[in-house]
Amino acid sequence: MVMQPENVYPRQLGDTDEMNSLVGKSLGQYRIVERIGVGGMATVFKSYQPTLDRYVAIKVLPAHHARDPVFVKRFEQEARSVAKLTHPNIIQIHDFGEQEVTYIVMEYVDGGTLKDRLKHALPVPEAVGFIIQAAEGLACAHRNGIIHRDVKPANMLLRKDGHLLLSDFGIAKILEGASNLTRVGTGIGTPQYMSPEQGTGQPVDRRSDIYSLGIVLFHCLTGRVPFTADNPMTITIKHLHDPLPYDRLVAEGVPDPIVQVVLKMTAKVPNERYQSADEVIDALANALEASNLSMPRMRFGLAPSGPFAVPKGVPSSQLPNTRGHGSSAGNPMQKLSLSNVQGKVQLVCFRCGTRSDSSQVYCTACGYELSDKRASEDHFRGSNGRFALARLSVQNGPMGGRSYRFHQTVTTIGRTNGNDLIIPGRTVSRRHARLWFDAGRWFLEDVQSANGTLINGKRVHQPTVLNEGDVINFGDEVVVFNITYA
């Protein structure tokens, strides 16, 4: 097995001049604008798609592969499988093709990668937040029979609000079966993050991805990978035989419950690791709770641990209207909504309409970040020229009668800390559902909750388009969906 050093994009083995010559040219309907990454598996270009007036990222594989019929067939099969993955934490593949070179077209993300954030150790809640997002994406892929094989910080793209997207699914598998792989020395993994079984050329399954994710978590918590050496083989041997240097985690002040999760994720023997990404997510959530830590969702700030409540002493007449059909309640593109109550400057929460003291960072009622940075995610406008937002109005339980608005990004819904919208009902799972916006429509997906998610009385098992006035059940908790404009 030939392995590669860590890099944002592994080293390109094809002719660099040949790849550079693509700038300014077109691949199908996509005009190449600039090269933004280079590596052993591919060269990545920022490109423009005029038909939809948007930028995309195009990953161009080494040119010699396009002349290999075995590779081309394998590429088409794998690309179709990966393109079917629909998940908020997996980068969307828009297209793929072959035009003297083989290429994949995907979402363009301009927030960098997780690797860019790892100049030093991250705070524990932030690190765990990133890993849980990555595990969510892996869980979806694993359920669909796809193993990543190259889980590392450079393959975790970040939007500017901290939302994480896994990239490069299937690329390693495509190249692994290329007829001339070993001859040209194309790398198919990154030794610093590679599981012992993958490093020794053994068959891999989802537990190999879990090991790699555990190494990424170690890197996030300590600011460095656990094993280094002058050559890839020595690193692989260390992964095989050396114990994880957990004393570095202790030195960074990582709580013991989190340390134990890292140790189990990175067990040398696959049977001793967590057996699924869902188990990893639950273990990390429980470890945070045991450590008395709350996980800040990167998109929406720190979530509260109990029911939402309007602060006392604020007359309801002074709260913005957040319950009427199609009401605006302010412009989400306005970063701060200010008010003055009894001579004090206060901020009005976009999410729930509650007023908080201007010294607060998060809403005292719902935990939403008062600076409303998520407003930058709004791009789609309705026929009235205003942004189409989602509103969820809770009909029963301790939150009954309250409404919450959401920008055109991903919202997680569940019972515990770490979710964007917390519904504390007993029949609501810790991680219950996701709400997100794509291509002018709102989608809802159940995430294997215990009691299910129903839309208009019908249980949903895959991403489902929401329509105005739909009645949603998260377990026994009832919510009405509406589209509102701002």
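Residues numbered from 1 in each chain as written. Predicted model: local features only at pLDDT ≥ 70, side-chain atom pairs only at ≥ 80, totals over all residues. Heavy atoms only, no water.

### A short note on the pairing of strand S6 (residues 101-107)
Piece 1. Taking burial as the measure, the seven residues of S6 include seven buried ones, the bulk of the element.
Piece 2. Pairing of strand S4 (residues 54-60) with S6, which is carried by five bridges, proceeds in the antiparallel orientation. Looking across to S6, one finds that valine 56 is bridged to glutamate 107.
Piece 3. Where strand S5 (residues 93-99) meets S6, six bridges bridge the pair, whose relative direction is antiparallel. Paired with phenylalanine 96 across the bridge in S6 is isoleucine 104.
Piece 4. From the end of S5 to the start of S6, which pair antiparallel, there are one residue, and glutamate 100 there has a positive phi angle of about 70°. (Buried < 20%, exposed > 50% of the residue type's maximum accessible area, 1.4 Å probe, protein only. Helix = DSSP H or I, 4+ residues; strand = E, 2+ residues; numbered from the N terminus. Pairing = 2+ DSSP bridges.)

### Remarks on the layout of surface pockets
Piece 1. Taken as a whole, the largest pocket spans an internal volume of roughly 1200 Å³.
Piece 2. Looking at the largest pocket, it is lined by 32 residues, and the ones nearest its centre are Glu107, Arg159, Glu377, His379 and Asp438.
Piece 3. Put simply, the parts of the chain that give the lining of the largest pocket at least two residues each are S4 and strand S18 (433-438).
Piece 4. Within the lining of the largest pocket, the residues separate by chemical class into 13 nonpolar, eleven polar and eight charged. (1 Å grid on protein atoms, 1.4 Å probe; cavity = no way out; pocket = protein on both sides within 12 Å on 5 of 7 lines; lining within 4 Å. Points joined across faces, edges and corners; volume = space filled by probe spheres on them. Nonpolar A, V, L, I, M, F, W, Y, C, P; charged D, E, K, R; others polar.)

### Some words on the packing of aromatic side chains
Piece 1. Counted under the stated rule, the structure contains five aromatic pairs.
Piece 2. Three or more aromatic residues joined by ring pairs make a cluster, and in this case those are Phe380, Phe437 and Trp442.
Piece 3. The ring of tyrosine 55 carries lysine 46 above its face, with NZ or CZ at 4.3 Å from the centroid.
Piece 4. Its end group placed over the ring of phenylalanine 387, arginine 381 keeps NZ or CZ at 4.0 Å from the ring centre. (Phe/Tyr/Trp six-rings, centres within 6.5 Å; stacked < 30°, edge-to-face > 60°. Lys NZ or Arg CZ within 6 Å of the ring centre and 35° of its normal.)

### Things to note about the pattern of salt bridges
Piece 1. One pass over the structure, following the stated rule, counts 15 salt bridges.
Piece 2. The closest approach of N and O atoms between arginine 434 and glutamate 136, which form a salt bridge, is 2.4 Å. Separated by 298 residues along the polypeptide, arginine 434 in strand S18 and glutamate 136 in helix H4 (residues 124-143) bring together distant segments of the chain. Of the two residues, arginine 434 and glutamate 136, both sit in the buried class. (Salt bridge = Lys/Arg side-chain N within 4 Å of Asp/Glu carboxyl O.)

### Structural notes on the sheet that holds strand S1 (residues 26-27)
Piece 1. Reading across the sheet, the six strands line up as S1-S2-S3-S4-S6-S5 and stay open at both edges, with antiparallel pairing between neighbours. The open sheet has two free edges, formed respectively by S1 and S5, since each of these has just one partner strand.
Piece 2. When S1 meets strand S2 (residues 30-38), the two strands line up antiparallel, connected through two bridges. Looking across to S2, one finds that leucine 27 is bridged to tyrosine 30.
Piece 3. Its contacts with the sheet place helix H2 (residues 69-83) against S5 and S6, and it is angled at close to 170° to S5. (Contact = heavy atoms within 4.5 Å. Axes fitted to C-alpha atoms, helices over the stretch in contact; angles between N-to-C directions.)

### Regarding the packing of helix H8 (residues 206-222) against helix H11 (residues 256-265)
Piece 1. The contact between H8 and H11 brings their axes to 8 Å, and the two run at 145°. In this structure, H8 meets H11 at a crossing whose hand is left-handed. Facing H8, whose interface residues are Ile210, Tyr211, Leu213, Gly214, Leu217, Phe218 and Leu221, H11 presents Ile258, Val262 and Met265. (Left-handed = near helix turned anticlockwise from the far one by under 90°.)

### Comments concerning unusual backbone geometry
Piece 1. A positive phi is found at aspartate 53, a non-glycine position, where the angle reads about 50°.
Piece 2. Tracing the backbone shows aspartate 53 in the loop between strand S3 (43-49) and S4.
Piece 3. Positive phi, close to 55°, is recorded for asparagine 456, a residue that is not glycine.
Piece 4. Tracing the sequence through the fold places asparagine 456 in the loop between strand S20 (453-455) and strand S21 (458-459).

### Concerning the nonpolar core
Piece 1. Membership of the largest hydrophobic core comes to 68 residues, with the highest contact counts inside it found for Leu114, Met156, Phe169, Leu213 and Leu221.
Piece 2. Contributing elements (two or more residues each) for this core: H2, S6, H4, strand S7 (156-158), strand S8 (164-166), H8, H11 and helix H12 (277-290).
Piece 3. At twelve residues, H4 tops the list of elements feeding residues into this core.
Piece 4. Residues in contact with leucine 114, not counting those within four places in the same chain, are Leu122, Phe130, Pro153, Met156, Leu158, Val216 and Cys220.
Piece 5. Ranked by size, the runner-up nonpolar core spans 34 residues in total, among them Cys363, Ala390, Tyr404 and Ile472. (Core = buried A, V, L, I, M, F, W, Y, C linked by side-chain atoms within 4.5 Å.)

### As for the confidence of the model for the protein chain
Piece 1. In the predicted model, the protein chain carries a mean pLDDT of 80, and the fraction of residues at 70 or more is 80%.
Piece 2. Across residues 1-14, confidence stays below pLDDT 50; counting only partners more than four residues off in sequence or on other chains, it has 72 contacts.
Piece 3. Within the model, the stretch residues 297-342 combines pLDDT values under 50 with 138 contacts to residues more than four positions away or in other chains. (pLDDT = per-residue confidence, 0-100.)

### Section: the pairing of strand S14 (residues 388-394)
Piece 1. Judged by how many residues are buried, S14 sits mostly within the fold: seven of seven residues are covered.
Piece 2. Burial along S14 is two-sided: the residues Ala388, Ala390, Leu392 and Val394 and Leu389, Arg391 and Ser393 are all buried.
Piece 3. By the bridge criterion, seven bridges tie S14 to strand S24 (residues 477-485) in an arrangement that is antiparallel. Bridge pairing links serine 393 to valine 480 in S24.
Piece 4. With four bridges connecting them, S14 and strand S15 (residues 403-406) associate as antiparallel partners. Note that in S15 the partner of leucine 392 across the bridge is tyrosine 404.

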